[in-house]
Every structure is written in C-alpha cells, then in structure tokens.
Amino acid sequence: MTSWKEQLGDRIPDQLGGEVDLFEGQIALKKQGKIDDKIFAETRLRRGVYGQRYDNGLRDDGTGQKTLTFPCGDLTKGPDTVWDAPGMMRIKIPFGKLTVEQLEVLSELAEENSDSILHVTTRQDIQLHFIHIEEAPDMMRRLASVGITTREACGNSVRNVTACEYAGVCTTQAFDVTPYANAITQYLLGHPDVQDFGRKFKIAFSGCEDNPCGLVTFHDLGAVAQVRDGKRGFRVVVGGGLGAVPVQAKVLAEFCPEEELFPLTQAVARVFARLGEKQSRARARIKFLVQKVGIDEFKKLVADERETLRPDERWTAFLDDLHATDETPVREAGAVPSGASAGFKAWAEHNLKPQAQEGYYSAIVKLPLGDFTAAQGRALARLARELTGDSIRCTVEQNLTFRWLSGADAETFYEGLVALNMAATGAGTITDMTSCPGTDTCKLGISASRGLTGELRKRLTVIEDELDPAIRALRMKASGCFNSCGQHHAADIGFTGVSRQVGGRKVPHFNIVLGGQWTENAKSYGLVVGAVPSKNIPKAVELITEYYLANREGAESFQAFMARVGKKEFRKVLAPIQKPPSYEEDPSYYSDWGNPREYTIGDIGVGECAGEIVPFVEFGLQEAEQQLHDAQDALEAGQAAIASAGAFKAMVTAAKALVRHLEVQVKDDADDVVANFKTHLHDTALFHDPFAKGKFATYLLKMHDDQSFKSANDEIAHRTLDEAQLFLEAAHACYQRLTEAAATAAAAE
Amino acid sequence: MQATKFQVKVYTRAGDIELEKLIPVFHEWIRAKKISDELLIDVADYAHVPQGPGVVLIGHQSDYYLDVADNRPGLLYSRKRGFDGDFQAGIDDAFRRALNACRLLEEESSLGLEFATDEVLFRVQDRLAAPNEDATYDAYKPALEQAAGAFFGHAPSLERLGSEREPFAVRISTGAGGTVADALARH
Ligand code: HEM
Ligand code: SF4
C-alpha cells in the first residue's frame, strides 16, 4: 500500500474523508504560497491542529533567546508560526467516550507521530504533542476510520461537548444524558448557526445537580438533567466561564423540556453570533454578553430568537431511540470477591465505584498528569476488550474510567493494571491533581504547572497513607496562566502561574486560589490569597493543610473553613514564604520546576486559544484585568495601599499593551510606559473616547503625576479602582477602534 | 514506499536510573548544539509515567529518549523525518546516532551511565510501510544483520517481537561485549 488513504479506503466516512482531502490540499497550497497566513492558521485550528511553545522559531536556552533554524526556511503555518515547528493535535472525544478500537488507533498515532504519550485534557479530549503539520492529514484519516473527527476541536466554534463520565451508570443521575450529548454534538458540528462566533463556545451536560462531574457552572451553556411530573428536561444555564475573571453561569431556563433543548441551544447560539463581541477577543465569550445585557434581557432575546427558528426534525428525532448510545457489558454482573488482596482493597477504596446496575462497577485508572503511553493504551484496550467492552471515558480530572466492570472481574482488572504500573490509588484525592500544559508546551504558559503538579504528586504519594482523611480528600489543580485551562478555580487548592520581578530578575510564582468548590457542578470559585514563588509551593501546601487541620471545627469542609476564616488568615499563613531569597542566596528559585533553565517569560508567544491568532495586546489587556481583579481582592481584605497600587499597575499594563500594539518600543517601568502612552495615545487623541474625550487617559496621567496611589486610604483606593476600571474599559474600546480602523484601511487598499 | 521512522534502543548496564538528572543534561545539549548536524528543540519530561518514554530530547529530525519502557532503561533513538540515502545507509545511520548519543551520555559525569552492547532493539514506527509481519521481517533482516555485524563485530541473532497491533520490532542479540565506543570505532 502506498498511502493510508488507499489502505483505509471506505473505512473513512465520505464526509470526513472529503474534509481531510481538502485540508491536505490547503497544506499543498500553503506550501506554494497561495494561502494567506491568517486564513491558513484558522483552517488548521478548526481542525484541531494547534501551535506549541517555541513555534515562532525562538527559544531561550537559559542564556538568552536563540533562533531555532528549521529546514523549512521562511515557510509558515500562520503569522509567526514556523512550518516545521512541532505542534499539538487536539482530538475531540465527545463526552470523553472511547471505544476499544479508538484507543488502539490513538495509541498507534501517539507512537508514530508524537512522543508516544497520550494526554487526557480537562475537557475530556486527547492531545498529542510535537506533531509535524504534514503528518496531520494521515492522522486524521486514521482517526476518521474509527469515527473520530478533530473538526472544531479548536477555533471559534462549539468545542467538545462534555458530560459526566458516569452518565448512564450513575447512582444519582436523573437520567442518562449521553444520548442528548451525542445528538447535540452531531447536530451542531458544522451547523451554519455556530460558525460565526467571536469566540469559542463550550457545552456541558450533567446528570444531576449535586455531583461535580458535568461542571456546568463554568460552561458557556450547561444542561442539568431534571425530571418534572414524569417528564424529562434540563435546567439550562448560560454564560459561565473561567479565565482571568471567572463567572458562574446564570439560569436561562429552570426547566427546559427535552424536545426544546436543541432549539433553545440554537437560539442561544444565534443570539451569541449576532450580538456577541467580535473585535475584542478578551471580551468575546458569551459570559460578557450575558453580563452586558443582563440575564433577563438575554432570556428575552433568546425567546424572541426561538420564535424565528424554522423547525428541524433533528431536534427530536433522536428521542425516538434514547437507547442508541447504551453500552453492552461483555461480562455477567457479579459481586466483588470478599477475599480480595489488600492491594486491591486499597485501590478499590477510591478507584472503584458501584454503578446503578447491580453487580457492575466503574473503575478509574488514575493517570499521572493525565498522561499514558502508547503501550499502556494498547494494553488497556486489551483489558477492556476482555472485561468491559467499549465503555471507556476520558474524565475531566484527566483520568480514564472503565465502566461496566463486573464485580467478579474487578480484581482481575486491578491485577492487569498492576502489571502495567497503572494501579495508582487515590483517584479524586489530593494526589490526583489536574494540570494544564503550562510552560511545557503551551505558548502562553507563565509557570510550569505540570512541573509543579508533578513535584507535588511525587512528594504526596509517598505520604499518602499517613495523610489525615480530611487532607487526603482535598483537590488541587494548576493552570500555567490566568486562562485557567487547568480549572483551578474549582479546586480546594488551586494554582495559577504568574511571574514576579525580584531584584531585576524574573521569578516564577503561582497565585494560590483557595476554597473553590468541585461538587454541585463547581458551585463556587476559589479566592486568590496571594502569590508564592514556585519553589515554595510545596511548603505552601504544607502550611495551608496544617493550618486547616489545626483550626477546623469538627468535620468542617475546606470551603466552609475558608468561608469562616477568610482570605486574611491564610494570607498571614503564607506571608513568611512569599518572598524568594536573593539570586545570590539561592538561584534555584530563579528557575521553574522540571526546568533547569534560568526562568524567563521571553518565550511566551502569541496564543492560538481560539480561531485566529490572538494578538499580544489582548494578553496585555487580560493581564491588566487580572491585576485589577487582584486589586479588588486586596481592597476587600482591607489593604487599601496594595489595592490602589495594584489598580495603578493594571492601568500601566493596559497602557503598555496599547503602546506596544502601535509598535512602539517600551520598557517595563511605569515612567516609560506613561511617557509613551502620553505621546502616542493621549496626545494623538487615539485613546479619546467619542464622548468623554480625554477623560479616561487623564486618570492614568494624573495618578502617575501625583502618585496618590502610594498613600491611599480606603476612600482613595475605592476611587483608584473605579478609575482603573473605566480606564480598562476605555483601553478595550481603543483597541477595538484601532483594529477597526486597520481593517477599513486594509479593505480600502 | 520506504519507511524511515527507525528506532534503535541501546540498554544501560545498570538497572536503576534517576531520570530527573537527564533534564539538565539534555537542556545543555541543546544549548551547546551537542549533536551538531541536527536541530534540537526542547526537553519533554515524562519521568512521572512509569515504564514510559522517560525524558525526551525533542529534535526536528529525530528524538532521543532516555526511555524506561518495559522497566529496561535505555537510550532510544527515534528518527522522525525522511532520510537521504539508501535503505542500508538509513539503518546504519540510526545505529550510529543511537550509539553516538550513548557515548555522549557516558561522557556526562553527573549521570554515571554506561551502556551495554550485547542487545539492541530495532523498531519501525510506520504501520503502513512496515507492518509487524513476516514479510517486513524478511525485508529488514539482511540489512539489520549487516548493520549489527558491522558495528558489533559478530554475526547477530535476530528475533521478531510483538503482535500485529504493535510496531514492527526486532531484538538483536549482537554477541558483543564491548563498549559503545568500540562499536562506533568499528563502523
Ligand atoms: C487566550 C487563550 C486561551 C484561553 C482564554 C483559554 C481558556 C481555557 C479555559 C477557560 C479552559 C478550561 C475550562 C473550560 O472548559 O472552560 C481551557 C481548556 C484548555 N486549554 Fe485553554 N485557553 C487558551 C489557550 C490555550 C492554549 C494556547 C493551550 C495549549 C496549547 C490551551 C490548552 C488547553 C487545554 C489542554 C484545555 C483542556 C481542554 C480541552 O480539551 O478543550 N489553552 N482553555
Ligand atoms: S492556563 Fe495558560 S498556560 Fe495553561 S494551557 Fe491555558 S493558556 Fe496555556
């Protein structure tokens, strides 16, 4: 055989095959210089082919930034994205469900095209890293031959539809959400109403209110199964999201009957496409639209939109066979043998959950940092073929769950895992951490989230058995930057990467976020307590858990404890470890976990988090939002001086982003930023608001002049924060005007 | 169509290995351009994965793993891109690059590593051009015997490993007892 296309023949469904052929054609055209960079980037992103750190051809080797000289020369696969540079492929796995055969093919691709590691993401996808773009089409064909598409895994589209990994077998579900999640995935894939979003759109299903598995509250649209008067439906929420400023979704419908779910979703999509922000990506998620118009108005808009929809038989066709997605066990149900080994019992305590179906269990394979090898994948597939069938699920906690395991086979399954070194105990406990890719492979990473969780995991695993049950039950999650891909807001102890300047050098830090709630679909988010140097985070975990154990009342949960004692107390606990030693005293603080290179943020690239490339300026604006958010926290904690200094810093960050957007070189210090802002944005009136004119700009100029933020009392701090808020709004608006002007100019050429 | 995704694994003499120590070494190789005719890009750390790829030096043309699969640590050379030259030259080149990386690792005093030459694993990560079946074995056998003989000085014995789902793999017992430096000097 000469090609996969030929070899696989009609095992590739026509539609998918056609799409891959088209993509391959575009690759050829791009190589001939016949496609614009931006358009090509969007094309590949929509097919799940992402960029990866250093793909601009630059990398700091610890002694300065060096050029990576790839053989492709000038050829690019997007603005500033070198053709030959390794990239990531995100493989969309609807509600995380994998068949045995799919797991086998994924494992083959991991070996042949990646580094033999498969990575489970926090949204139930599988990612492969270090892929060459020219190998992507054949990978897609092989995936298509087992019914997987990477289409719309990235880009401004409907992302992977997630659902609880126990859907259908859960003891607390109202009903099985799988057929709904499955049908809506198919309905929306490529649907014309979901092609014109300003940003990505994430949907999640949950089978019940109380458990976390669906995590609907931080999704753009979430549906929680409900039965009312014997009728099936969903409580539908909208406008949730994580990121720099996390937002809890609002209730759109207390009870949406099952036959109305698709039209309601479609109406939401159309309202979002029509009214959602398109220019400023930082505000383009639906959460900003819901905030802007208010949930009541949003409901009205959706209701009106619903009226205009032309009925579509697919809205309800799937309801005729709600068992289409049912799984068939391959073994008879049975009881777990009573004389099982101690090892098995220890594993089963957290990793084996009884199903609603008597005699069957779901087994969780706890993966280290969401990773497993191709050889392990193949061996797991063999186990599944024999014992559980096509019932594998990738979970939001970056594990694999095998459902429909007969109790009678549970120990055999466990022994199989032991042979593969995959029988780690403690799924869903403190040693089962979640992490985004962070600086390992993400272009936006600020700190090494995987390095950190790897280190914490190593340290905690050895003492796992000695931990107090209250500590063992805690969850930890880490994100390498404010984008929050590691879902750290929903953890008891969460970490977000930030960098801090210390004595003229950058030091990797993590902001510690405490008291987020995982249960009840991530009902509340944690609060930022403060930044701690990366290398002190293990110590921080120790201090936090000790403090909690020593001071909790009765069986008080960590959330309740946090709510009672507040951030202030935890700030005191962490204060002694917040300042890193000087470089001369201990240079190890100046590099990150698992990375001996001297720390730099110079490798941060232009993100490809959605659709087209995200300009640097937007990250500046995002960062400013985060700083303002922190400042607000500080004010709440009664730290007026810190709050107003933070607010000033946020303004400077936003100003710097805009100045840089104008391609003016600017240094990091406030004086230089403000001077350049004045020359290039204030004096030119570019920053002027159509109505308020130069008012917002003067907030920054004046504050910089009189330095009032330095000696702020509560009242001044409040005012400073208000002004900073307005300044940031004006900065977003200014950026939008600049982009529009550039677009008009380009069109006129 | 000719496969070029060859892998060659050379095992370490001692069983245990501290993978973390490889991380600074590989970063330094990138900085110092230790493998001068290849573009080295980054280091991927999978030390947390039991029996996994260990620590990987990611390059453009190929990757170098300090791999701990099957609980047998070894240097795994993995070619990712095409190769200019004939079939035999491509196989010889994979052996040479693997052995050369072993030699470089042996020179790193922080590691204290030593590699054995009595056994080598050869794999092809290309199920289209080199499925794990007899026909592939027949096609590769002479070239592998020739390469092993040339590097290790003895007629080797070969054994095909694994099932159809697994990549084409051959265990080569070289009959040699010398060092990697000897092997490199020989061919
Ligand atoms: C502006 C850019 C980005 C933003 C705002 C962003 C935001 C998010 C958020 C909020 C989540 C998770 C929670 C949720 O389900 O809502 C997420 C998921 C994720 N993000 Fe990002 N992200 C960005 C860019 C990136 C990049 C560049 C990477 C790495 C290449 C990345 C990797 C991930 C991963 C692995 C997940 C789990 C995802 C999945 O399977 O969909 N993100 N992102
Ligand atoms: S949180 Fe930041 S570092 Fe982590 S994957 Fe998302 S964008 Fe990258």
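To be clear, the structure that these remarks concern was listed above.
Residues numbered from 1 in each chain as written. Chains lettered and ligands numbered in written order. Predicted model: local features only at pLDDT ≥ 70, side-chain atom pairs only at ≥ 80, totals over all residues. Heavy atoms only, no water.

(A) Structural detail: the overall build of chain A. Across its full length, chain A holds 23 helices and 26 strands. Here the C-alpha radius of gyration of chain A, 26 Å, is about what a compact globule of 749 residues would show, namely 27 Å. Considering only C-alpha atoms, chain A reaches an extent of 80 × 65 × 60 Å along its principal axes. Relative to its full complement of 749 residues, chain A shows a buried share of 63%. Look at the contacts in chain A between residues 6 or more apart in sequence, and 70% of them connect residues 24 or more apart. Put simply, chain A shows about 27,900 Å² of open surface, and 51% of that area lies on carbon and sulfur atoms. One way to put it: in chain A the 84 positive side-chain charges average out to a point 3 Å from where the 104 negative ones average out. (Helix = DSSP H or I, 4+ residues; strand = E, 2+ residues; numbered from the N terminus. Rg over C-alpha atoms; globule rule 2.2 N^0.38 Å. Buried < 20%, exposed > 50% of the residue type's maximum accessible area, 1.4 Å probe, protein only. Contact = heavy atoms within 4.5 Å. Areas by Shrake-Rupley, 256 points an atom, 1.4 Å probe, with all protein chains shown as cover. Lys, Arg positive; Asp, Glu negative; His and termini not counted. Charge placed at Lys NZ, Arg CZ, Asp CG, Glu CD.)

(B) The site of ligand 2, seen in detail. Around ligand 2 lies a shell formed by A:Cys436, A:Pro437, A:Gly438, A:Cys442, A:Leu444, A:Gly445, A:Ser479, A:Gly480, A:Cys481, A:Asn483, A:Ser484 and A:Cys485. Taken together, the residues that form the shell around ligand 2 break down as six nonpolar, six polar and no charged. (Near = heavy atom within 4 Å. Nonpolar A, V, L, I, M, F, W, Y, C, P; charged D, E, K, R; others polar.)

(C) Molecular detail of the environment of B:Arg96. Residue and element names in this part refer to chain B. Examined against the element boundaries, Arg96 turns out to sit in helix α2 (residues 87-106). For Arg96, a relative accessible area of 34% translates into the label partly exposed. Each C-alpha atom of the pair Arg96 and Pro131 lies 24 Å from the other, and the pair is 35 residues apart in sequence.

(D) Representation of the packing of aromatic side chains. Enumeration over the complete set of coordinates arrives at 41 aromatic pairs over all chains. Seen from their ring centres, A:Phe402 and A:Phe413 are 5.4 Å apart, and the 55° between their planes marks the pair as tilted. Of this pair, A:Phe402 sits in strand β19 (residues 400-406) while A:Phe413 is found in helix α13 (residues 410-419), placing the two residues 11 residues apart along the sequence. The class of A:Phe402 is buried, set by a relative accessible area of 0%. When its relative accessible area of 0% is taken as the criterion, A:Phe413 is described as buried. Judged by centre distance (4.9 Å) and plane angle (80°), the ring pair of B:Phe87 and B:Tyr140 falls under edge-to-face. Separated by 53 residues along the polypeptide, B:Phe87 in helix α2 and B:Tyr140 in helix α3 (residues 134-152) bring together distant segments of the chain. (Phe/Tyr/Trp six-rings, centres within 6.5 Å; stacked < 30°, edge-to-face > 60°.)

(E) Main features of the interface of chain B and chain A. On the chain A side, the residues contacting the 34 residues of chain B number 45 residues. Of the roughly 3,400 Å² buried at the junction of chain B and chain A (both faces included), carbon and sulfur atoms supply 55%. Ranking the residues of chain B by area buried against chain A places B:His48, B:Leu128 and B:Arg165 at the top, with a combined share of 20%. Remark: the boundary between chain B and chain A carries nine salt bridges. Counting every contact that joins chain B to chain A gives 12 residue pairs in polar contact (both at pLDDT 80 or more). Of all elements in the fold, only α1 (22-32) and β2 (40-46) of chain B reach the threshold of two or more residues within the side of chain B that touches chain A. Among the elements that make up the side of chain B that touches chain A, the one with the highest residue count is β2(B) (six residues). In terms of residue class, the side of chain B that touches chain A is made up of 16 nonpolar, seven polar and 11 charged. (Buried area = accessible area lost by both parts, 1.4 Å probe. Salt bridge = Lys/Arg side-chain N within 4 Å of Asp/Glu carboxyl O. Polar contact = N/O pair within 3.5 Å; in protein donor to acceptor, adjacent residues only side chain to side chain.)

(F) Representation of the sheet that holds strand β17 (residues 371-373) of chain A within the structure. Residue and element names in this part refer to chain A. Pairing in this open sheet of five strands is antiparallel, and the strands run β1-β6-β9-β8-β17 from one edge to the other. Strands at the two margins of the open sheet, each flanked by one partner only, are β1 (49-50) and β17. The sheet contact formed by β1 and strand β6 (residues 87-91) spans two bridges and is antiparallel. Opposite Tyr50, over in β6, you have Met88 as the bridge partner. (Pairing = 2+ DSSP bridges.)

(G) Structural context of the nonpolar core. Grouped together as the largest cluster of nonpolar side chains are 66 residues, with contacts concentrated most on A:Trp347, A:Leu400 and A:Phe413. Among the elements that make up this core, the one with the highest residue count is helix α12 (residues 374-387) of chain A (seven residues). Residue assignment places this core across two domains, with domain 1 (4-144) and domain 3 (342-419) of chain A each supplying three or more. When neighbours within four sequence positions are excluded, A:Trp347 is seen to be in contact with A:Leu352, A:Ala363, A:Ile364, A:Phe413, A:Tyr414, A:Leu417, A:Ala423, A:Ala424 and A:Thr425. Among the nonpolar cores identified, the runner-up in size contains 54 residues, and B:Ile35, B:Ala101, B:Cys102 and B:Leu158 belong to it. (Core = buried A, V, L, I, M, F, W, Y, C linked by side-chain atoms within 4.5 Å. Domains from an automatic or database assignment.)

(H) Region of interest: the coordination of the iron atom of ligand 1. You will see that the iron atom of ligand 1 has only one donor from the protein, A:Cys485 (SG), lying 2.3 Å away. On the secondary structure map, A:Cys485 appears in the loop between β21 (476-479) and β22 (493-502). (Donors = N, O, S within 2.8 Å, 3.2 Å for Na, K, Ca; no water.)

(I) Highlighting helix α20 (residues 640-661) of chain A. Given a rise of 1.5 Å per residue, 22 residues ought to cover 32 Å, and the 32 Å separating the end C-alpha atoms of α20(A) matches this to within 8%. A:Glu663, located one to two residues past α20(A), shows a positive phi value of around 60°. (Expected span 1.5 Å × (residues − 1).)

The values reported here are purely geometric and, on their own, carry no functional implication.
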